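# Fold and contact review
Here's the letter readout for the chains.
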Amino acid sequence: VQVVESGGGLVQPGGSLSLSCTASGSILNIIGMGWYRQAPGKQRELVAFTTRGGNIDYGDSVKGRFTISRVNAMNTVYLQMNSLKPEDTAAYYCNARGYNTNRRTYGTWGQGTQVTVAA
């Protein structure tokens, strides 16, 4: 199973960006899919995660500003980021979890996409 992220880039404070992530490969199902981020010198942290059942978790620092959405039929999640702050600068990683066609669990990370918020 692979995940490929797109989006990201440079944006001014207060601006918006959107990310997308698509999972592909030997997927039987996707139980959950979402985004984490890691800034230099810091631990990877939850940004937003959604489960197949519709549950959504957001990191405290992004609540009210970021929105995650999912298109199950396309194995794709989107992250809309509004009111961006310099402290949102980080590498953003997509994660997908579920069962593959061999009925084994997987937890797959993307290669990361950089988001930089600066004037």
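Structural notes, computed from the coordinates. Note that the coordinates shown come from a computational prediction; the quantities given were computed from them, not determined experimentally.

Parameters and conventions
- Residues numbered from 1 in each chain as written.
- Predicted model: local features only at pLDDT ≥ 70, side-chain atom pairs only at ≥ 80, totals over all residues.
- Heavy atoms only, no water.
- Core = buried A, V, L, I, M, F, W, Y, C linked by side-chain atoms within 4.5 Å.
- Buried < 20%, exposed > 50% of the residue type's maximum accessible area, 1.4 Å probe, protein only.
- Helix = DSSP H or I, 4+ residues; strand = E, 2+ residues; numbered from the N terminus.
- Salt bridge = Lys/Arg side-chain N within 4 Å of Asp/Glu carboxyl O.
- Pairing = 2+ DSSP bridges.
- Axes fitted to C-alpha atoms, helices over the stretch in contact; angles between N-to-C directions.

## Some words on the nonpolar core
One finds Met 33, Trp 35, Val 47, Phe 66, Leu 79, Met 81 and Tyr 92 to be the most contacted residues of the largest nonpolar core, which totals 27 residues. At the level of secondary structure, the elements contributing two or more residues to this core comprise strand E3 (17-24), strand E4 (27-38), strand E5 (45-51), strand E7 (66-71), strand E8 (76-81), strand E9 (90-100) and strand E11 (113-117).

## Examining the pattern of salt bridges
Taken as a whole and judged by the stated rule, the model has 4 salt bridges. Across the pair Glu 45 and Arg 37 runs a salt bridge, and its minimum N-O distance is 2.7 Å. Glu 45 sits in the partly exposed class, given a relative accessible area of 35%. Close ionic contact of Arg 37 with Asp 88 constitutes a salt bridge, the shortest N to O distance being 2.9 Å.

## Re the sheet that holds E3
Strands pair in a sheet through their backbones, by hydrogen bonds, and they do so in one of two ways: parallel or antiparallel. Here we have 4 strands laid out as an open sheet, ordered E1-E3-E8-E7, and antiparallel in their pairing. Looking at the sheet topology across the chains shown, the edges are occupied by strand E1 (2-7) and E7. On average, adjacent strands in this sheet sit at an angle of 15° to one another, irrespective of strand direction. Two strands pair when backbone bridges link them, and E7 and E8 are joined in this way by 6 bridges, in the antiparallel orientation. Counterpart to Thr 67 in the pairing with E8 is Gln 80.

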